[in-house]
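Architecture at a glance
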Amino acid sequence: MKKANQVIITDRKMWKDYVLLSLKSPQIASKALPGQFIMIRITPHSYPLLRRPFSIHAVEGESIAIFFQKSGIGTNILGLRKIGEMLDILGPLGNGFGLKGDFSHKKTVLIGGGRGIAPLFFLANSLADRKAEIRTFYGGKTSYDLPLKENFEANGLKVFCSTEDGSLGYKGLITDYFNLEMRQFRPDRIFACGPDAMLKTIADIAAIENIPAELSLESIMGCGIGACWGCVKRLKKDGVTGWFRICQEGPVIPADQIIWAEKDK
Ligand SMILES: Cc1cc2nc3c(=O)[nH]c(=O)nc-3n(C[C@H](O)[C@H](O)[C@H](O)COP(=O)(O)OP(=O)(O)OC[C@H]3O[C@@H](n4cnc5c(N)ncnc54)[C@H](O)[C@@H]3O)c2cc1C
Ligand code: FES
């Protein structure tokens, strides 16, 4: 059974709807894998009652970072927590992206939609350590949705941006931009995180092009540790179709195992 940790907030950066928090947690920093997540108790009080899940965005020394979008009660309150305050967190949880094998000079594409970019920074840096060739596609509705572009570039990572309103980069959906760029850079592996519609399009492209893809799924999580069955999604694993707990089997799932709708069964 994992034990919760009290950790101190050591840094906070804020953009319009997005927040980057650094947390000192040697226990989690020493074990975390890209794609894993933590469950955070938003305040020391009983409201909101349930912890909320957040991807591990970065690991640096004894610290980890989370990057989140203010999208409801919990994330709005979390955005108000200040440097020096304590947070109660549980993790690392989940499986993480598949990084076994040789990635040297392997062409990898990372695709993040909005807050879905969160786990891809840790992943991109881990792939860079493994000498992979990396292209990160980062899409949002408008330029305000892409606050991490500079952070990727500061680490020498190539970022291809798109916005639906054309305020930054390619005008249109990030999946269309990726499809276009794939003519020059056909990846050996795809990793993605974002809204379901984006992930479904990537799964379709990956199936047509026969490229292995791993997708980090979101699900409403009550516990994060396999106890509540609140996070289930329909998957087809080893020939068995059924409801699987995303906090246990995922959150990273091979694209060809995901059943998006009844007709995909
Ligand atoms: C494994 C995992 C990792 C995640 N990592 C990140 C991350 O790194 N950064 C980030 O910004 N967000 C992440 N999320 C989503 C984040 O957990 C939700 O946005 C958050 O829990 C919403 O809490 P809230 O109290 O602000 O929203 P609420 O007030 O509870 O709800 C507001 C709206 O958000 C929806 N919602 C609530 N929980 C989720 C959820 N888990 N997934 C999708 N929609 C939800 C509700 O249905 C409602 O429409 C992750 C989710 C999962 C499952
Ligand atoms: S979140 Fe409770 S079982 Fe997955």
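Residues numbered from 1 in each chain as written. Chains lettered and ligands numbered in written order. Predicted model: local features only at pLDDT ≥ 70, side-chain atom pairs only at ≥ 80, totals over all residues. Heavy atoms only, no water.

1. Some thoughts on the site of ligand 1
The local shell around ligand 1 holds 20 residues, among which Arg52, Pro53, Gln69, Gly74 and Thr75 are the closest. Here an oxygen atom of ligand 1 sits 2.9 Å away from a polar atom, N or O, in the main chain of Ile73. Backbone polar atom of Ser219 to a nitrogen atom of ligand 1: 2.9 Å apart, as the coordinates give it. In isolation ligand 1 offers 860 Å² of accessible surface; the protein chains occlude 77% of this area. (Near = heavy atom within 4 Å. Polar contact = N/O pair within 3.5 Å; in protein donor to acceptor, adjacent residues only side chain to side chain. Areas by Shrake-Rupley, 256 points an atom, 1.4 Å probe, with all protein chains shown as cover.)

2. What to know about helix 5 (residues 174-181)
For helix 5, every residue scored as buried is listed here: Ile174, Thr175, Tyr177, Phe178 and Glu181. Down the axis of helix 5, the sector holding all buried residues measures 160°, keeping them to one side. (Buried < 20%, exposed > 50% of the residue type's maximum accessible area, 1.4 Å probe, protein only. Helix = DSSP H or I, 4+ residues; strand = E, 2+ residues; numbered from the N terminus. Arc of directions from axis to C-beta.)

3. A closer look at the domain arrangement of the protein
Taken as a whole, the protein is organised into domain 1 (5-93) and domain 2 (107-264). Measuring from the centre of the C-alpha atoms in domain 1 to the corresponding centre in domain 2 gives 21 Å. Roughly 2000 Å² of surface becomes buried between domain 1 and domain 2 when both sides are summed, with 71% attributable to carbon and sulfur atoms. Our count for the domain 1 to domain 2 interface comes out at zero salt bridges. Joining domain 1 to domain 2, the criterion identifies four residue pairs in polar contact (both at pLDDT 80 or more). Put simply, the parts of the chain that give the side of domain 1 that touches domain 2 at least two residues each are strand 2 (18-24), strand 3 (37-41), strand 4 (52-55), strand 5 (58-60), strand 6 (63-69) and strand 7 (86-93). Residues of the side of domain 1 that touches domain 2, tallied by class, amount to 16 nonpolar, five polar and two charged. (Domains from an automatic or database assignment. Buried area = accessible area lost by both parts, 1.4 Å probe. Salt bridge = Lys/Arg side-chain N within 4 Å of Asp/Glu carboxyl O. Nonpolar A, V, L, I, M, F, W, Y, C, P; charged D, E, K, R; others polar.)

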